[in-house]
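What follows is each chain in one-letter form.
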Amino acid sequence: MDKITLQRIEKLHPAVREEVKQIVKECDEALTGRAKIRITQGLRSFEEQEKLYAIGRITSGKKVTNAKAGQSIHNYGFAVDICLMIDGKTASWDTAKDWDNDKVADWYECVKIFAKHGWDWGGTWKTFKDLPHFEKKDIHTKKGLVKTTWRTLIKMNRDKNGYVIL
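Residues numbered from 1 in each chain as written. Predicted model: local features only at pLDDT ≥ 70, side-chain atom pairs only at ≥ 80, totals over all residues. Heavy atoms only, no water.

**Q** Even after reading the chapter, I still don't get the packing of aromatic side chains, so can you show me in this structure?
**A** One pair of aromatic rings is described through two measures. These are the centre distance and the angle between the planes. Inspection of every chain in the model, using the stated rule, returns five aromatic pairs. Ring geometry for Phe114 versus Trp119: centroids 5.9 Å apart, planes at 75°, classification edge-to-face. Residue Trp119 is classed as buried on the basis of its relative accessible area, which comes to 3%. Among the aromatic side chains, those forming a connected cluster through ring pairs are Tyr108, Phe114, Trp119, Trp121 and Phe134. Stacked on the ring of Tyr53, the Lys or Arg Arg57 has its end atom at 3.8 Å from the ring centre. Positioned above the aromatic ring of Trp99 is the side chain of Lys97, whose terminal nitrogen or guanidinium carbon lies 4.9 Å from the ring centre. (Phe/Tyr/Trp six-rings, centres within 6.5 Å; stacked < 30°, edge-to-face > 60°. Buried < 20%, exposed > 50% of the residue type's maximum accessible area, 1.4 Å probe, protein only. Lys NZ or Arg CZ within 6 Å of the ring centre and 35° of its normal.)

**Q** What is the right way to read the layout of surface pockets from this model?
**A** Take a probe with the size of a water molecule and roll it over the atoms, and the empty space left behind shows itself. If you add up the space inside the largest pocket, you get close to 680 Å³. As for the largest pocket, its lining consists of 29 residues, of which Thr65, Ala67, Trp125, Phe128 and Asp130 are closest to the centre. When contributions to the lining of the largest pocket are tallied by element, the ones reaching two or more residues are helix H3 (46-54), strand S5 (133-136) and helix H5 (150-153). Classifying every residue of the lining of the largest pocket gives eight nonpolar, ten polar and eleven charged. As a volume, the second largest pocket reaches approximately 250 Å³. (1 Å grid on protein atoms, 1.4 Å probe; cavity = no way out; pocket = protein on both sides within 12 Å on 5 of 7 lines; lining within 4 Å. Points joined across faces, edges and corners; volume = space filled by probe spheres on them. Helix = DSSP H or I, 4+ residues; strand = E, 2+ residues; numbered from the N terminus. Nonpolar A, V, L, I, M, F, W, Y, C, P; charged D, E, K, R; others polar.)

**Q** Help me out: how do you make sense of the side chain of Thr65 in this one?
**A** Checked against the element boundaries, Thr65 lands in the loop between H3 and strand S2 (79-86). By relative accessible area, Thr65 is classed as buried at 11%. Among the polar contacts made by the side chain of Thr65, one reaches the main-chain amide nitrogen of Ala67 at a distance of 3.0 Å. Thr65 has contacts with Gln49, Leu52, Tyr53, Arg57 and Phe128, leaving out every residue within four places of it along the chain. (Polar contact = N/O pair within 3.5 Å; in protein donor to acceptor, adjacent residues only side chain to side chain. Contact = heavy atoms within 4.5 Å.)

Treat this as a map of the structure, not an account of what it does.
Rendered as structure tokens:
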């Protein structure tokens, strides 16, 4: 796991940090060729979210999100975006390439691993496909199951570090 990925994981909600480390480890072990996973985005502030939402609406460019501030699971630290780092230096979002020649696209090897851990993939969304995006939908807590939808999370109390209290 590279340093950048580790730094981004350490900013995720504490409830998913170890799980994401495990997912990255499993992805890296599955990808036996030139590709390794990198987290390109994890926790995102409401301000960062508003700037992304403005692209294609207020500022020039193609729309990159339909989520306003508070409406992205990134805003709560329960989502990550990934790329594949090829030979440790080139970022790739190629979902078809099989860098390790095992007859399965490396991207889909990672999709399967995230799914095994209960993460939803933005590539399965109907209206706005987001191929680099994965989000944790359910968190098991001492109090029971918490659905991590933005409508639920936005109403929750936060700790001194700004993370929702589960």
